[in-house]
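What follows is the residue order along each chain.
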Amino acid sequence: MQATQTLTLEDLTSFCVRKGFFFPSGRIYGGLRGFYDYGPLGTELRKEVLDDWWYFFVRRRVDMVGIHGCIITHPKTWEASGHVEAFFDYLVTCTKCGREYRADHLLEDYGIKAPTLNAETISSLIKERGIKCPECGGTLGEPAPFNLMFSTFIGPKRTKTNEAYLRPETAQLIFLNFKDVYYSMGMKLPFGIAQIGEVFRNEISPRGFLFRLREFTQMEIEYFINPCKLDDCPIFDEVAQMKVKLLPAETQEAGSEETVTITLQEAWEKGLIKSKWHAYWIGESLKWLSRIGINLEKVRIREHLKNELAHYAVQTFDIEYYFPFMGWKEIEGISNRGDYDLKRHQEFSGKSMAVEDDGEVVIPHVIEPSFGLERILLALIVEAYKVSRGHTILSLNPRVAPVKVAVFPIVDKPEFVKKAKSIYANLKEHFTAMYEEKGTIGRRYYDADEVGVPFAVTVDGRSLEDDTVTIRFRDTKEQIRIPISELVPTLKRLME
Ligand code: GAP
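Each chain has its residues counted from 1, following the order in which its sequence is written. In keeping with the predicted nature of the model, local features appear solely for residues at pLDDT of at least 70, side-chain atom pairs appear and are counted solely at 80 or more, and the whole-chain, interface and lining totals rest on all residues. Think of the side-chain values as coming from all heavy atoms in the structure, minus any hydrogens and water.

Quick look at the site of the ligand
Part 1 of the argument: As a structural note, the neighbourhood of the ligand is formed by 20 residues, with E169, R201, L213, E220 and E330 the closest of them.
Part 2 of the argument: Between N or O atoms, a polar contact is any pair within 3.5 Å; within protein, one atom must be a potential hydrogen donor and the other a potential acceptor, and residues adjacent in sequence are included only when both atoms are from side chains. The contact in question runs from a nitrogen atom of the ligand to an N or O atom on the side chain of E169, over 2.6 Å.
Part 3 of the argument: Between I331 and the ligand, the recorded distance is 2.9 Å, taken from a backbone N or O atom to an oxygen atom.
Part 4 of the argument: With the chains in place, 91% of the 560 Å² that the ligand exposes on its own is no longer accessible.
Part 5 of the argument: The secondary structure listing takes helices from DSSP runs of H or I that are at least 4 residues long and strands from runs of E that are at least 2 residues long, numbered from the N terminus. Ranked by residues supplied to the shell around the ligand, first place goes to strand β16 (residues 327–338) with five residues.
Part 6 of the argument: Taken together, the residues of the shell around the ligand break down into six nonpolar, four polar and ten charged. Whether a residue is near a molecule or strand depends on its heavy atoms: if one lies within 4 Å, it is near. For the accessible areas, the method is Shrake-Rupley and the probe is 1.4 Å, while residue cover comes only from the protein chains on display. All amino acids are sorted into three groups, where Ala, Val, Leu, Ile, Met, Phe, Trp, Tyr, Cys and Pro are nonpolar, Asp, Glu, Lys and Arg are charged, and the leftover types, Gly among them, are polar.

Structural notes on the packing of helix α2 (residues 40–59) against helix α13 (residues 373–384)
Part 1 of the argument: To define axes, lines are fitted to C-alpha atoms, for helices over the stretch in contact only, and angles between the resulting N-to-C directions are given on a 0 to 180 degree scale. Packing of α2 against α13 leaves a shortest axis separation of 11 Å and a crossing angle of 110°. Here α2 is positioned roughly perpendicular relative to α13, judged by the angle of their axes. Only L373, L377, L380 and I381 of α13 make contact with α2, whose side of the interface consists of L45, R46, V49 and L50.
Part 2 of the argument: Partitioned by chemical class, the residues of the contact of α2 with α13 number seven nonpolar, no polar and one charged. Reported orientations rely on four angle classes, namely roughly parallel under 35 degrees, roughly antiparallel over 145, roughly perpendicular from 65 to 115, and oblique for the rest. For this analysis, residues touch if any pair of their heavy atoms sits within 4.5 Å.

A closer look at the packing of helix α14 (residues 414–428) against helix α17 (residues 487–495)
Part 1 of the argument: Taken N-terminus to C-terminus, the directions of α14 and α17 make an angle of 55°; their axes are 11 Å apart at the nearest point. The angle between the axes of α14 and α17 places the two elements in the oblique class. Taken as a pair, α14 and α17 cross one another with a handedness that is right-handed. Contacts from I423, N426 and L427 in α14 reach L487, V488 and L491 in α17.
Part 2 of the argument: Considered class by class, the residues forming the contact of α14 with α17 number five nonpolar, one polar and no charged. Here a crossing is called left-handed whenever its near helix is offset anticlockwise from the far helix by less than a right angle, and right-handed whenever the offset is clockwise.

Structural notes on the environment of R129
Part 1 of the argument: Secondary-structure assignment places R129 in the loop between α6 (119–128) and β7 (144–147).
Part 2 of the argument: According to the relative accessible area criterion, R129 is partly exposed, its value standing at 49%.
Part 3 of the argument: Contacts of R129, omitting those with residues within four sequence positions, involve Y110 and I112. Residue exposure (1.4 Å probe, protein chains only): buried if accessible area is under 20% of the type maximum, exposed if over 50%, otherwise partly exposed.

What about the packing of aromatic side chains?
We describe a pair of aromatic rings using the distance from one ring centre to the other and the angle between the two ring planes.
Part 1 of the argument: Two rings belonging to Phe, Tyr or Trp (six-membered ring only in the last case) form a pair when the distance between their centres is within 6.5 Å. Interplanar angles under 30 degrees mark stacking, angles over 60 mark edge-to-face geometry, and anything in between is tilted. Applying the stated criterion across every chain, the model contains 34 aromatic pairs.
Part 2 of the argument: A centroid spacing of 6.0 Å and a plane angle of 5° characterise the contact between F178 and F191, whose relative ring orientation is stacked. With F178 in helix α8 (residues 178–184) and F191 in strand β10 (residues 191–200), this residue pair connects regions lying 13 residues apart in the sequence.
Part 3 of the argument: F178 gets classed as buried once you look at its relative accessible area, which sits at 0%.
Part 4 of the argument: Under the relative-accessibility criterion, F191 is labelled buried at 1%.
Part 5 of the argument: Here W277 and Y280 contribute two aromatic rings whose centre-to-centre distance is 5.4 Å and whose plane-to-plane angle is 80°, an arrangement assigned as edge-to-face. Taken together, the residues span about one helical turn, with W277 and Y280 both in helix α11 (residues 276–292) at a distance of three residues.
Part 6 of the argument: For W277, a relative accessible area of 2% gives the class buried.
Part 7 of the argument: Criterion for a charge above a ring: Lys NZ or Arg CZ within 6 Å of the ring centre, and within 35 degrees of the ring normal. Note that K276 overlies the ring of W268, its terminal NZ or CZ placed 4.5 Å from the centroid.

With respect to the sheet that holds strand β26 (residues 479–483)
Part 1 of the argument: Strand pairing is assigned whenever DSSP identifies at least 2 bridges connecting the two strands. On the basis of which strands lie adjacent, the open sheet formed by five strands has the order β23-β22-β24-β25-β26 and mixed pairing. Sheet topology places β23 (433–435) and β26 at the edges, where each strand pairs with a single neighbour. Each adjacent strand pair in this sheet contributes to an overall mean axis angle of 25°, direction not counted.
Part 2 of the argument: Both strand β22 (residues 405–409) and strand β24 (residues 455–459) contribute to a ladder of five bridges, which runs parallel. From the neighbouring strand, A406 faces β24, where its bridge partner is A456.
Part 3 of the argument: With respect to the sheet, helix α15 (residues 441–450) is in contact with β22, β23, β24, β25 (468–473) and β26, its orientation differing from that of β22 by roughly 170°.
Part 4 of the argument: Strands β22, β24, β25 and β26 of the sheet are contacted by α17, whose axis makes an angle of about 15° with β25.

Structural notes on the environment of I301
Part 1 of the argument: Tracing the backbone through its elements, the reader meets I301 in strand β14 (residues 299–303).
Part 2 of the argument: Along the backbone, I301 and I319 are 18 residues apart, and their C-alpha atoms lie at a distance of 4.8 Å.

What to know about a nonpolar patch on the surface
Part 1 of the argument: A cluster of nonpolar side chains, contributed by I71, I72 and I154, occupies part of the molecular surface with about 240 Å² of accessible area.
Part 2 of the argument: Relative to the assigned elements, I154 resides in the loop between β8 (151–153) and β9 (163–166).
Part 3 of the argument: On the basis of relative accessibility, which here comes to 48%, the residue I154 falls in the partly exposed class. Surface patches are drawn from residues lacking salt bridges whose relative accessible area is over 30%; two like charges belong together within 9 Å, two nonpolar side chains (Val, Leu, Ile, Met, Phe, Trp, Tyr) within 5 Å. Salt-bridge detection follows one rule: a side-chain nitrogen of Lys or Arg within 4 Å of a carboxyl oxygen of Asp or Glu.

Some words on the pattern of salt bridges
Part 1 of the argument: This structure, assessed with the given rule, holds 39 salt bridges.
Part 2 of the argument: Of the charged contacts in the structure, one is a salt bridge between K47 and D51, with a shortest N-O distance of 2.9 Å. Highlighted residues: K47 and D51, both in helix α2, separated by four residues, approximately one helical turn.
Part 3 of the argument: The partly exposed category is assigned to K47, whose relative accessible area is 44%.
Part 4 of the argument: When its relative accessible area of 38% is taken as the criterion, D51 is described as partly exposed.
Part 5 of the argument: The partner of E284 in a salt bridge is R60, with the nearest N and O atoms 3.1 Å apart. Here the residue E284 occupies a position in helix α11, and R60 occupies one in the loop between α2 and β3 (64–66), the gap between them amounting to 224 residues.
Part 6 of the argument: Residue class for E284 comes out buried when judged on its relative accessible area of 0%.

Observations regarding α14
Part 1 of the argument: Taking 1.5 Å per residue as the helical rise, α14 with its 15 residues ought to reach 21 Å, and the 21 Å between its terminal C-alpha atoms agrees with that figure.
Part 2 of the argument: Along α14, the residues classified as buried are F416, V417, A420, I423 and L427. Buried residues in α14, looked at end-on, bunch into an arc of 130°, giving them a common side. Exposed positions of α14 whose direction lies more than 90 degrees from the buried face are P414 and K418.
Part 3 of the argument: On the buried face of α14, the contacting elements are β22, β23, β24, α16 (461–466), β25 and α17. A helix is expected to span 1.5 Å for every residue after the first. In this description, one arc is meant: the one made by directions from the helix axis to the C-beta atoms.

As structure tokens, this is what we get:
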């Protein structure tokens, strides 16, 4: 099989559009930058990944509940959270043609890593390096902060007092509902609240297909812990011996990108990860990413530099995946947010955010695993995309594959078609399934492989005689023969 290194972003984008995973939104009108619609296969893939996330992080756990908050949020939320003041990127505008650029991306194109630079440094770097507008060669203006939140108006008046924001993260809805969840569900610390939902960021330069969007989906957990018990994690054993590739802030500050391979236990003992609960959530996240088909060999845990930390964060690690066309990029962030958010909402609302734990009244500290769905889908597809003897195979894990099983009559004669269609109708009650009778059987197998169908059921001559069928495996091309009556339980077992 051809390695994924040869895969370009253009190849991947065109494959995903051609096969009905994603479409540029409003394509017939020329598209909208930073917005993609999900096609039929993308929609199924999305649902499988979200359902598995919800199962893994919410339903199977005893310490987690979910909420589903609003997209348009009380304006005070974002004053309290610090987003009105601090959620911005620097924008530079060409004084000649008026084109606008995100300053750090522009500098990155000149080999300067700049996610953490302030306005003065950006301005002097642009002058020193003689950086001009990439489009017209014009002089670039001074960098100006640009807030990334989309706003709208509530009610008929389009005035400042009626302005509200579309949420740029789901997290704040969890903080707003924290006390209601705590009381209504009788929760006890430590516990988590999870949420899946759309968020909106007015990115200056959306890029990288699904990587940087203006509308995307987050899967977030805020895990609330007594501040005196940040290292009291009774379930740490479940992850303690997991080995991770860690890139500490200190290493990066010394100019190196060399990771250290270390167990989570050691990383915590050496103080590289400050709290045990933080290390636990890194482990749980990795377990889930691996469960859905991300190769952990291509994952590293990069600590944020001090001046890179978000305004709310005590310590943050990015889970980065190695994309062949972009290098290491964040697919999930795991932050220790301390008590920043609850304290700020307490201050701005005048309502106490304290709760009781073992007779003590505390404002909990928070560990936040925050996954971006579309970046994870991008990594999953990159991981699964392979070319073998000129044929594309999408080796998606059966757990998340958008179509689980294909049904083919070996030839399109009526007796074969009739039997295959009745099998297809039965399988559709249990799995996402596809049916095709036209074309050679080889061609139909290839078409199913290309969209990641893990199993193909074929009705052949013998099926008519003894009510058996073959199951063909996408990745090995092996086939087994089983009675039709055992198809559903066999496929269920294979999918697990
Ligand atoms: N509540 C914390 C938070 O929102 P973040 O690092 O800004 O943290 C979390 O976002 C995750 O959301 C990222 O790890 C990434 O996967 C995803 N994400 C962020 N910005 C994105 C964008 N413009 N397009 C697609 N996904 C994005």
